[in-house]
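Coordinate analysis (summary)
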Amino acid sequence: MTSGTLICPKCKSTDIAVQVIADTHTKKRSALWWVYFLLIGWVIEVLMWVFVTLPMLLIRIFHRRPLETTIQKLAVCQHCGHQWKLKRT
Ligand SMILES: [Zn+2]
């Protein structure tokens, strides 16, 4: 996938490839989080799954809403290899 309108800020080349990256916002879980999880977290996780995740899945199945993952576009210069993130359009 290429776009002729993009110009590399480094070498001014217009030979730019655009990659689409889905940012899923995964965070590393701390040791404290695991202590919390073992104590009461799993109960909340189960309740969340039953009362939030399952209805959410059903809503998504029936309504076909777009996923709320951030779509990040990454431009890669084919000339010098410079990479930069594009703003959402
Ligand atoms: Zn370049």
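Residues numbered from 1 in each chain as written. Predicted model: local features only at pLDDT ≥ 70, side-chain atom pairs only at ≥ 80, totals over all residues.

1. Quick look at the overall build of the protein chain
A tally of helices and strands in the protein chain yields one helix and four strands. Written out in order from the N terminus, the α and β elements of the protein chain read β-β-α-β-β. The 89 residues of the protein chain split such that 3% are buried. (Helix = DSSP H or I, 4+ residues; strand = E, 2+ residues; numbered from the N terminus. Buried ≥ 20, exposed ≤ 12 C-beta atoms within 10 Å, placed from the backbone.)

2. Re unusual backbone geometry
Not every positive phi belongs to a glycine, and Lys-12 is a case in point at roughly 65°. Among the structural elements, Lys-12 can be located in the loop between β1 (2-3) and β2 (16-23). Taking the C-beta count within 10 Å as the criterion, Lys-12 has 10 such neighbours and is therefore assigned exposed.

3. Some words on helix α1 (residues 31-63)
The terminal C-alpha atoms of α1 lie 38 Å apart, and with 33 residues this falls more than 12% below the ideal 48 Å at 1.5 Å per residue. With zero of 33 residues buried, α1 is to be regarded as a mostly surface element. (Expected span 1.5 Å × (residues − 1).)

4. Brief notes about the pairing of strand β4 (residues 83-86)
Sheet analysis places strand β3 (residues 70-77) next to β4, joined by four bridges and oriented antiparallel. Paired with Leu-74 across the bridge in β4 is Lys-85. Two successive antiparallel strands, β3 and β4, enclose a turn made up of five residues, where Gly-81 displays a positive phi of approximately 85°. (Pairing = 2+ DSSP bridges.)

5. Description of the confidence of the model for the protein chain
Summary statistics for the protein chain give a mean pLDDT of 80 and a share of 81% for residues scoring 70 or more. The secondary-structure element of the protein chain with the lowest mean pLDDT is β1, recorded at 46, while β4 shows the highest, at 90. (pLDDT = per-residue confidence, 0-100.)

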